[in-house]
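Descriptive analysis of the structure
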Amino acid sequence: MTTPASFLTEEMRQQAIGQKSEPKTIDVEKGAIIKFAQAIEDDNPVFNDEKVARESRYGGLIAPPTFLRSVGVDRPAYPYDMPFNRLLDGGSDWEYFHPVRAGDRITAVSEIADINERTGRMGLMIITTIVVTYRNQFDQVAATQTSTSIRY
Amino acid sequence: MADQVYWEDVHEGMALPDLVKNPSTQQLVKYAGASGDYYQIHYDQTYARNNDLEDVILHGALKNAFLGHLVTKWMGPDGELKRLVCQYRGMDIPGTPVIIKGVVTKKYQDKGADLVDCEIWLENEKGERTTPGSATVALPSR
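What counts as what
Residues numbered from 1 in each chain as written. Chains lettered and ligands numbered in written order. Predicted model: local features only at pLDDT ≥ 70, side-chain atom pairs only at ≥ 80, totals over all residues. Helix = DSSP H or I, 4+ residues; strand = E, 2+ residues; numbered from the N terminus. Buried ≥ 20, exposed ≤ 12 C-beta atoms within 10 Å, placed from the backbone. Contact = placed C-beta atoms within 7 Å. Pairing = 2+ DSSP bridges. Nonpolar A, V, L, I, M, F, W, Y, C, P; charged D, E, K, R; others polar. Arc of directions from axis to C-beta. Core = buried A, V, L, I, M, F, W, Y, C linked by C-beta atoms within 7 Å.

**A few points about the overall build of chain B**
Looking only at helices and strands, chain B features three helices and five strands. For chain B, the sequential pattern of α-helices and β-strands runs β-α-α-α-β-β-β-β. Taken along its principal axes, the extent of the C-alpha atoms in chain B is 55 × 30 × 25 Å. Per-residue burial over chain B gives 36% buried out of 142 residues. The long-range fraction of contacts in chain B, counting pairs at least 24 apart against all pairs at least 6 apart in sequence, stands at 66%.

**Here we look at unusual backbone geometry**
Generally, phi is negative for residues other than glycine and the peptide bonds are trans, each holding for most cases. Although it is not a glycine, Asp139 of chain A sits at a positive phi angle of roughly 65°. One can find Asp139 of chain A in the loop between β4 (123–135) and β5 (141–151). Its 7 C-beta neighbours within 10 Å are what place Asp139 of chain A among the exposed residues. Positioned with a positive phi, Asp52 of chain B is a non-glycine residue whose angle comes to about 65°. Checked against the element boundaries, Asp52 of chain B lands in the loop between α2 (45–50) and α3 (60–75). For Asp52 of chain B, a count of 7 C-beta atoms within 10 Å corresponds to the exposed category.

**Focus: the pairing of strand β2 (residues 80–87) of chain B**
Inspection of the sheet shows strand β2 (residues 87–96) of chain A paired to β2 of chain B by five bridges, in the antiparallel sense. Pairing of Glu95 of chain A across the sheet is with Arg83 of chain B, part of β2 of chain B.

**Details of the interface of chain B and chain A**
In this assembly, 28 residues from chain B lie in contact with 25 residues from chain A. Of all the secondary-structure elements, those providing two or more residues to the side of chain B that touches chain A are α1 (25–35), α3 and β2 of chain B. It is α3 of chain B that provides the largest number of residues to the side of chain B that touches chain A, a total of 10 residues. Of the residues in the side of chain B that touches chain A, the class split is 13 nonpolar, nine polar and six charged.

**Quick look at α1 of chain B**
Listing the buried residues of α1 of chain B in full gives Leu28, Tyr31, Ala34 and Ser35 of chain B. All buried residues of α1 of chain B lie within an arc of 130° about the axis, which places them on one face of the element. Of the surrounding secondary structure, the elements contacted by the buried residues of α1 of chain B are α2 (30–39) of chain A together with α3 of chain B. Following α1 of chain B by one or two positions, Gly36 of chain B has its phi on the positive side, about 85°.

**A look at the nonpolar core**
Core analysis: the largest hydrophobic core is formed by 60 residues, its most contacted members being Ile33, Ile40 and Val100 of chain A together with Phe66, Leu67, Leu70 and Val71 of chain B. Residue contributions to this core peak at nine residues, all from α3 of chain B. When sequence neighbours within four positions are dropped, the list of residues in contact with Leu67 of chain B reads Leu84, Cys86, Ile100, Ile120, Leu122, Thr131 and Gly133 of chain B.

**Looking at the environment of Tyr78 of chain A**
Residue and element names in this part refer to chain A. Assignment of secondary structure puts Tyr78 in the loop between α4 (50–55) and β2. When the 16 C-beta atoms within 10 Å are taken as the criterion, Tyr78 is described as partly exposed. Sequence spacing of Tyr78 and Ser21 is 57 residues, and the spatial spacing of their C-alpha atoms is 10.0 Å.

Everything listed here is a matter of geometry and, on its own, says nothing about what the molecule does.
In structure tokens, the structure reads:
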């Protein structure tokens, strides 16, 4: 496949910005928190041991900071075909506002916050900034995750 | 419970205690199951090689979790993680240790909170920072 010299127009940028995914809701199960903490080999008792966690300031188990990825929210769809085969995750910027507790119901929505093109070593690249907002059952924003994906 | 670090005891330039991880292919499978990220480049060597990789590679998000572990362990039970940033610059493969490090870059107060910024990163055995980042935590005051 030949990579075009340019792909995005300003109009296409504006069409993409603000596109949202369907919301995805999960119940945060105690077992899922413990399994996640074990998988990352983090033995902090607030993630693993309910008896100890109960005595902590949280009064029970909370989820490790990156647990919210396991909600598995979809990416927002682009309003046009993207002629690129490869996708790289550039990184994440998490902001935390409320702890995520065992028993919480979390609803996540992802949204395209920005999209730009750049020409690099690998040719033309499309850089998309996606913000995922994670809300709990009290409609509080528990966390936001801003991630950058690179298509080329 | 772990020891508690207090805001007064922290100074700029102070190192966070290193965290060493030895991710195995088994850990990548456990992480795939726990996180729901089943992209085959993290556990299927043939699939990884067909995608121009030398081997299966660590999930970026697992490295993000390791950085979170570094900071939440250091800040202690009464610390609060406010922000966790990481960039995926290089790939890491299982079967070789990764070292997660951090250093305090700024100590300040904002809206009544006693805050600390840290530069954090994950490096490989060669000392290459494959996953740099930063964190902001609120610490208790004495």
